[in-house]
Amino acid sequence: MSVEITWWGHATATVRDSGVRVLTDPLFVRRLAHLRRRRGAVPPAAAAVADVALVSHLHADHLHLGSLAKLLPGTRLLVPRGAGRAVPGLRRVVAARGLRVTEMAAGDVCAVGEVRIRAVPAAHDGRRLPYGPSRVPALGYVLSGESTTYFAGDTGLFDGLAEAVGACDVALLPVGGWGPYLGPGHLDAGRAAQALARLGARCAVPVHYGTYWPIGMDAIRPHEFHAPGDDFVRHAGRLAPDAVVHRLVHGECVRLEPAR
């Protein structure tokens, strides 16, 4: 069976593997605080249909309560351990929508149908900014079914990345952000290509770029909005020449055949 990946924008993607629909960091809004969606339509209602949704960390563009409220009742939801304590609104959404939530720590495994989902560490600020000091470790996830797919969430490069993730066929890697400057704990296009080289994945899909941008800042370092996808393709060609990069446009789907 093939594996399909649809990129909806930012860190939101649907991975279909072994008959299981996995949704990553759902964000289904045109505007979030000072950010406005500048490229790609807001994902259709069908994008919220999933067997399991993954939340990588507590930042509002990754754990977005309004978007989680669009999930169908009974959807499985995996979040970092401590998320329910740190974000009280999450408990209300889970109860109102009848979601089946599991809090995960690095190393934990959850099976959904024929797909095994393993939480792995990420090098990223886990606080629910700007609301409080509670720190909940950020995560990535490794999905093992017909193929093995790594969803990095938000992360910087860190020692032991490849060992934590293990062998993978596909890597969904963040290559940019939502503003003109990236702080620590992020991958830009060059560092994402280094991560791809370390992982040895045979395919990569760049995410987390070219979707949201601060209102009124269109003229400030616009290349940080437009260029990361193409820059990642260029850097990956140099650092990980055996990998195939699929630079998707918003709403586009790619079908990947599992390794033989």
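Bear in mind the structure is a predicted one, so any value in this text is a computation, not a measurement. (Residues numbered from 1 in each chain as written. Predicted model: local features only at pLDDT ≥ 70, side-chain atom pairs only at ≥ 80, totals over all residues. Heavy atoms only, no water.)

Undergrad: Quick question: what am I supposed to make of the packing of helix α5 (residues 189-199) against helix α7 (residues 228-239) here?
TA: One can describe the packing of α5 onto α7 by two numbers: an axis separation of 8 Å at closest approach and a directional angle of 40°. In terms of their interaxial angle, α5 and α7 are classed as oblique. Between α5 and α7 the crossing geometry is right-handed. Between α5 and α7, the residues in contact are A189, G190, A192, A193, Q194, L196 and A197 and P228, D231, F232, H235, A236 and L239, respectively. For the contact of α5 with α7, the class distribution of residues is nine nonpolar, three polar and one charged. (Axes fitted to C-alpha atoms, helices over the stretch in contact; angles between N-to-C directions. Helix = DSSP H or I, 4+ residues; strand = E, 2+ residues; numbered from the N terminus. Parallel < 35°, antiparallel > 145°, perpendicular 65-115°, else oblique. Left-handed = near helix turned anticlockwise from the far one by under 90°. Contact = heavy atoms within 4.5 Å. Nonpolar A, V, L, I, M, F, W, Y, C, P; charged D, E, K, R; others polar.)

Undergrad: Help me understand the packing of aromatic side chains in this model?
TA: What characterises a pair of aromatic rings is the spacing of the ring centres plus the angle enclosed by the ring planes. The final tally for this structure, using the stated rule, is two aromatic pairs. Between W7 and Y209, the ring centres sit 5.3 Å apart and the planes meet at 15°, which makes this aromatic pair stacked. Here the residue W7 occupies a position in strand β1 (residues 3-9), and Y209 occupies one in the loop between β14 (203-207) and β15 (212-214), the gap between them amounting to 202 residues. The exposure classification of W7 matches that of Y209, with both residues buried. Measuring from ring centre to ring centre gives 5.5 Å for W213 and F225, while their planes differ by 75°; the resulting arrangement is edge-to-face. One end of the pair, W213, is in strand β15; the other, F225, is in helix α6 (residues 223-226), and twelve residues separate them in sequence. (Phe/Tyr/Trp six-rings, centres within 6.5 Å; stacked < 30°, edge-to-face > 60°. Buried < 20%, exposed > 50% of the residue type's maximum accessible area, 1.4 Å probe, protein only.)

Undergrad: Whenever I open this one, the pattern of salt bridges confuses me. Can you help?
TA: Once their charged atoms are close, side chains differing in charge can pair, the charge on each being opposite to the other. The tally for this structure, following the rule as stated, stands at ten salt bridges. The salt bridge partner of R36 is D218, with a shortest N-O separation of 4.0 Å. Separated by 182 residues along the polypeptide, R36 in strand β5 (residues 35-37) and D218 in the loop between β15 and α6 bring together distant segments of the chain. For R234, the salt bridge identified is with D231, shortest N-O distance 3.2 Å. One end of the pair, R234, and the other, D231, are both in helix α7, three residues apart, so they sit about a helical turn from each other. Each of E4, R16 and R255 takes part in salt bridges that share partners, so that together they form one network. (Salt bridge = Lys/Arg side-chain N within 4 Å of Asp/Glu carboxyl O.)

Undergrad: Looking at this structure, I do not really get the side chain of D25. What am I missing?
TA: Relative to the elements of secondary structure, D25 occurs in the loop between β3 (20-24) and β4 (31-32). Nearest to the buried, unbridged D25 among oppositely charged side chains is R128, at 9.9 Å. Polar side-chain contacts of D25 include one of 2.7 Å to the side chain of H62. Setting aside chain neighbours within four positions, we find D25 in contact with A11, T12, L54, V55, S56, H62, F151 and G153. (Lys, Arg positive; Asp, Glu negative; His and termini not counted. Polar contact = N/O pair within 3.5 Å; in protein donor to acceptor, adjacent residues only side chain to side chain.)

Undergrad: Just checking my understanding: could you explain the environment of R247 for this structure?
TA: Structurally, the position occupied by R247 is in the loop between β16 (244-245) and β17 (253-256). Given a relative accessible area of 39%, R247 falls into the partly exposed group. Considering only alpha carbons, one finds R247 and C168, 79 residues apart in sequence, at a separation of 18 Å. Filtering out sequence-adjacent residues up to four positions away, R247 remains in contact with P206, Y209, G229, D230, V233 and E252. Side chain to side chain, R247 and D230 meet in a polar contact 2.9 Å long.

Undergrad: Sorry, what's going on with the side chain of H124 here?
TA: Within the fold, H124 resides in the loop between β10 (115-121) and β11 (139-144). Within the structure, the side chain of H124 is placed 3.4 Å from the side chain of D154, a separation counted as a polar contact. A distance of 2.7 Å separates the side chain of H124 from the backbone oxygen of G185, its partner in a polar contact.

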